[in-house]
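Here is how the chains run, residue by residue.
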Amino acid sequence: MIGLISATAAGAAARDRLAAAWPDRTRVYEGPVKEAVRSAFAECEQLVCFLATGAVVRLLAPLLGDKTADPGVVCVDEGGRFAVSLVGGHGGGANELARAVGELLGAEPVVTTATDSVGLAGLDTLGLPYEGSVAAVSRALLDGEPVALEAELAWPLPPLPTSAQAAYTIRLTDRAVEPGEREVLLRPPSLVVGVGASTGAPVEEVLGLVEGALREAGLSPRSVAELATVDAKSEEPGIVAAAARLGVPLVTYSAEELAAVEVPNPSDAPLTAVGTPSVAEAAALVRGGELLVPKKKSHGRPAMTTCAVVRRPGRGRLAVVGLGPGARDLLTPRAAAELRRASVLVGLDQYVDQIRDLLRPGTRVLKSGLGAEEERARTAVAEAREGHAVALIGSGDAGVYAMASPALAEASDDIDVVGVPGVTAALAAAAVLGAPLGHDHVSISLSDLHTPWEVIERRVRAAAEADIVVTFYNPRSRGRDWQLPKALAILAGHREPTTPVGVVRNASRPDESSRVTTLAELDPASVDMMTVVTVGNTATRIIAGRMVTPRGYRWQERTQEGAQ
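Residues numbered from 1 in each chain as written. Predicted model: local features only at pLDDT ≥ 70, side-chain atom pairs only at ≥ 80, totals over all residues. Heavy atoms only, no water.

Structural notes on the state of the cysteines
Where two cysteines share a covalent bond between their sulfur atoms, that bond is called a disulfide.
And step 1. Per the stated rule, a full pass over the model turns up zero disulfides.
And step 2. Sulfur of Cys44: no disulfide; nearest cysteine sulfur belongs to Cys49 and is 10 Å away. (Disulfide = S-S within 2.5 Å.)

Have a look at this one:
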């Protein structure tokens, strides 16, 4: 919950805007400010104070304890101009809250945390448990000193500017080791503990067996991602309580699922009791991984609990990101966030140059030239399969004549894939022209490099016969100068010569140009590969110099009646 505190009418107005936007996340604290801050600090995970920063500092000073436990505090001036991350930038989430508040209120987020200020990923913001000298290693990163990354298993980390050898170390490990003096340990959630238990098994026996198995194997309990068991034991008190004490979810599977898993130590006892020859080993292995601890029994008499431990490899992450048509303000916030998150960026060289300033230090860039689309797709998928966080970029929307199709054709279910939509060239051009896509419309690429012309022609003919607005991508190049005239001739067989046609070159970019002409007057020689051509349907009109396709035909009929 986010506590909201204000002292003046101006602050209350901004406070109420935030409360209205986030009704389920916020709580307004009324009354004297000192008591309101004290109550919110004790009851909420985060605070937004619509007060002067000096006043907030004095009010918070007696309340502050441990930065890992204190709530995050954002201070917004009463004019709503700035949202300042004041306390708990990382641990309390105040940095992200300041950005979210700023976006909602139109305020400038002010974040002074050192790593955020220079674009580095904070070691305490990676979503992984950590141990060791976070401050010292972070300072080394900030000062440009060599920091080594020792990843004992693959995991999709954000970019970190690391070296092969250095005095400081970031170690990604699930082993039970102590951090060195200049070392940070990152604990990936890589371990799955399968558990089986007789009815009534006490939590102490379950927890003791799990902790003992991890300790004997030299594994860290902070890397346990989940406890897993059979559906029939989903409400077994000892197992449920053990998961709660470890702070991990309890995941269950059907007996049929577990019975299909090949295990080294099957048994008749669980087969009789719950319908599968293995619970602990099978539940740990059902989603794959390396069996580190085969089935162990507790020391009770009789033994009421079994467990097994599996290391599940980290799944690589592939984000297919649409950069939009070129203008920076048409790059979506989600796309920008994915660019910052990726440790590996794959893309066309000119697109990489377009967004290079958004990348975090340490991002590995793999770029190539025109015509290497399939190679880039294979490279991106291969990097993700190595366990990296990868961003594969394309212009417009990556799923429209861009990189999503070849990438997803290569990808299987062994990696996580995230699609990030972008503003397409057709939409950017339409916004320049007016409203040409107000009714049914279709996009057709006239490039026959990947699609036979016979197929393209059939699609153009179908759109012409169906009276659908058509946007042509890749309309003309030096080596392809006859396809656009042919497509226009097909449309002309079904539409009047006065049908409006919009031509937009480099939509949204500094050298953008556009014009509205007609089907009869368009000169194909004036069109190139950087151009989008939009041909209206029989209802499209030019109104005040803009292309407009009405949402329905009644509007057209009324317009025609009014002209009579």
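Now that the structure is up, let's keep going.
Notes on the pairing of strand β13 (residues 250-253)
And step 1. Pairing between strand β12 (residues 224-230) and β13: four bridges, direction parallel. Looking at β13, one finds that Thr229 is bridged to Thr252.
And step 2. Where the polypeptide runs from β12 across helix α8 (residues 237-246) and back to β13, its parallel neighbour, the crossover connection is right-handed. (Pairing = 2+ DSSP bridges. Helix = DSSP H or I, 4+ residues; strand = E, 2+ residues; numbered from the N terminus. Right-handed = clockwise from strand over helix to strand, strands pointing away.)

Thoughts on the nonpolar core
And step 1. If you look at the biggest cluster of nonpolar residues, it comprises 23 residues, and the most contacted ones within it are Val193, Val195 and Leu227.
And step 2. Considering each element in turn, this core owes the most residues, seven residues, to helix α7 (residues 203-216).
And step 3. Setting aside residues no more than four positions away along its own chain, Val195 makes contact with Val206, Val210, Leu227, Ala228, Thr229, Ile239, Val279, Ala280, Thr305, Thr306 and Cys307.
And step 4. In terms of nonpolar packing, the next biggest core, distinct from the first, is built from 21 residues, Ile444, Trp453, Val460 and Ala464 among them. (Core = buried A, V, L, I, M, F, W, Y, C linked by side-chain atoms within 4.5 Å. Buried < 20%, exposed > 50% of the residue type's maximum accessible area, 1.4 Å probe, protein only. Contact = heavy atoms within 4.5 Å.)

Details of the pattern of salt bridges
And step 1. This model, assessed by the stated rule, comprises 29 salt bridges.
And step 2. Where Arg364 meets Glu383, a salt bridge forms, and the shortest distance between an N and an O atom there is 2.8 Å. Highlighted residues: Arg364 in strand β18 (residues 364-368) and Glu383 in helix α14 (residues 373-385), separated in sequence by 19 residues.
And step 3. Here Asp414 and Arg385 are joined by a salt bridge, their closest N and O atoms 3.2 Å apart. With Asp414 in the loop between α15 (404-410) and β20 (416-420) and Arg385 in helix α14, this residue pair connects regions lying 29 residues apart in the sequence.
And step 4. Residue Arg385 is classed as partly exposed on the basis of its relative accessible area, which comes to 41%.
And step 5. A single network of salt bridges, built from pairs that share partners, joins Glu150, Glu152, Arg171, Arg175 and Glu183. (Salt bridge = Lys/Arg side-chain N within 4 Å of Asp/Glu carboxyl O.)

As for the environment of Val184
And step 1. With respect to the secondary-structure elements, Val184 resides in strand β10 (residues 183-186).
And step 2. A relative accessible area of 0% means that Val184 is categorised as buried.
And step 3. When sequence neighbours within four positions are dropped, the list of residues in contact with Val184 reads Leu123, Tyr130, Glu131, Ser133, Val134, Val137, Thr169, Ile170 and Arg171.

Details of the sheet that holds strand β14 (residues 290-297)
Think of a sheet as strands paired side by side through backbone hydrogen bonds, with each pair either parallel or antiparallel.
And step 1. Spatially, β13-β12-β11-β15-β14 is the arrangement adopted by the five strands of the open sheet, whose pairing is mixed. The open sheet has two edge strands, β13 and β14, and neither has a second partner. Averaged over neighbouring strand pairs, the angle between their axes works out to 25 degrees when direction is ignored.
And step 2. Set on the sheet, α7 makes contact with β11 (191-197), β12, β14 and β15 (305-311); between it and β15 the angle comes to about 40 degrees.
And step 3. Set on the sheet, α8 makes contact with β11, β12 and β13; between it and β12 the angle comes to about 175 degrees. (Axes fitted to C-alpha atoms, helices over the stretch in contact; angles between N-to-C directions.)

As for the packing of aromatic side chains
And step 1. Following the criterion strictly, the structure yields two aromatic pairs and no others.
And step 2. Summarising the aromatic geometry, the rings of Tyr401 and Tyr473 are spaced 4.8 Å apart at their centres and angled 55 degrees between planes, so their arrangement reads as tilted. Taken together, the positions of Tyr401 in the loop between β19 (389-394) and α15 and Tyr473 in strand β23 (residues 469-473) put the pair 72 residues apart, joining distant regions of the chain.
And step 3. You can call Tyr401 partly exposed: its relative accessible area is 45%. (Phe/Tyr/Trp six-rings, centres within 6.5 Å; stacked < 30°, edge-to-face > 60°.)

Description of α7
And step 1. Between its first and last C-alpha, α7 extends 20 Å over 14 residues, near the 20 Å set by a 1.5 Å rise per residue.
And step 2. Within α7 the residues assigned to the buried category are Val203, Glu205, Val206, Leu207, Leu209, Val210, Gly212, Ala213 and Leu214.
And step 3. Looking at the buried side of α7, the elements it contacts are β11, β12, α8, β14 and β15.
And step 4. Backbone geometry just downstream of α7 places Gly218 in the positive-phi region, at approximately 70 degrees. (Expected span 1.5 Å × (residues − 1).)

Points about the sheet that holds strand β9 (residues 168-172)
And step 1. Within the open sheet, the four strands sit side by side as β7-β10-β9-β8. Their pairing is mixed. The strands lining the two open edges of the sheet, one partner per strand, are β7 (130-132) and β8 (147-151). Geometrically, the sheet is characterised by an average inter-axis angle of 15 degrees between neighbouring strands, direction not taken into account.
And step 2. Where β7 lies against β10, three bridges are found, and the strand directions are antiparallel. From the neighbouring strand, Glu131 faces β10, where its bridge partner is Leu185.
And step 3. Of the strands in this sheet, β7, β8, β9 and β10 are in contact with helix α6 (residues 134-142), which crosses β9 at around 115 degrees.

Focus: helix α17 (residues 453-465)
And step 1. Helix length check: α17, at 13 residues, gives a terminal C-alpha distance of 18 Å against a target of 18 Å (1.5 Å per residue), a fit within 8%.
And step 2. Where α17 is concerned, the buried positions are Trp453, Val455, Ile456, Glu457, Val460, Ala463 and Ala464.
And step 3. Turning to α17, the residues buried within the fold contact β22 (441-445), β23 and α18 (483-492).
And step 4. Immediately beyond the C-terminal end of α17, within one or two residues, lies Asp467, with a positive phi of roughly 60 degrees.

Some points on unusual backbone geometry
And step 1. A positive phi angle, close to 50 degrees, is found at Tyr401, a residue other than glycine.
And step 2. Phi angles above zero are rare outside glycine, and Asp467 is one such case at about 60 degrees.

A few points about the packing of α17 against α18
The geometry of a pair of packed helices is captured by two quantities: the angle between their axes and the separation between those axes.
And step 1. Close contact between α17 and α18 brings their axes to 9 Å; oriented N to C, the two are set at 30 degrees. Between α17 and α18, the angle falls in the class roughly parallel. Crossing of α17 against α18: the hand is right-handed. Note on element contacts: α18 touches α17 through Gln483, Lys486, Ala487, Ile490 and Leu491, opposite Trp453, Glu457, Val460, Arg461 and Ala464.
And step 2. In terms of residue class, the contact of α17 with α18 is built from six nonpolar, one polar and three charged. (Parallel < 35°, antiparallel > 145°, perpendicular 65-115°, else oblique. Left-handed = near helix turned anticlockwise from the far one by under 90°. Nonpolar A, V, L, I, M, F, W, Y, C, P; charged D, E, K, R; others polar.)

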